[in-house]
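Each chain is listed here by its residues.
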Amino acid sequence: MGYDRRQRAAIDAAAARVAQQLAELTGVPPRVTAEPDGVRIETDVTDAALDHWTRLLAVLELGTEYGVTNTPDGQTAWLRIELRRQGLHP
């Protein structure tokens, strides 16, 4: 088992598109972190994002998993896009 390089490139391209959409919604650049089995993207939930909450939620739902975390400085929306292991397709 392993990860396909084309799949990794596709995940990275998808993460770039998601990051761009989040930047447009929030007005701030998101934080993108490559992980061994995927990509994690975090962004601050700004007033601009709250004005378009349903659109923000639609972008978050593009991830394999997503959520909103409360921090001392406000809220952080996050999502992960995971690589699929070869041979484990549902």
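I will try to describe carefully the structure that is included in this document. (Residues numbered from 1 in each chain as written. Predicted model: local features only at pLDDT ≥ 70, side-chain atom pairs only at ≥ 80, totals over all residues. Heavy atoms only, no water.)

### Section: helix H1 (residues 5-26)
In this model, H1 (22 residues) spans 31 Å end to end at C-alpha, consistent with the 32 Å of a helix rising 1.5 Å per residue. By the burial criterion, the buried members of H1 are Arg-8, Ile-11, Ala-14, Ala-15, Val-18, Ala-19, Leu-22, Leu-25 and Thr-26. One side of H1 carries all its buried residues, which in axial view fall inside an arc of 145°. Away from its buried face by more than 90 degrees, H1 exposes Arg-5, Arg-6 and Glu-24. Buried residues along H1 sit against strand S1 (31-35), strand S2 (38-44), helix H2 (47-51), helix H3 (53-60) and strand S4 (74-82). Just past H1, the residue Gly-27 takes up positive phi, approximately 85°. (Helix = DSSP H or I, 4+ residues; strand = E, 2+ residues; numbered from the N terminus. Expected span 1.5 Å × (residues − 1). Buried < 20%, exposed > 50% of the residue type's maximum accessible area, 1.4 Å probe, protein only. Arc of directions from axis to C-beta. Contact = heavy atoms within 4.5 Å.)

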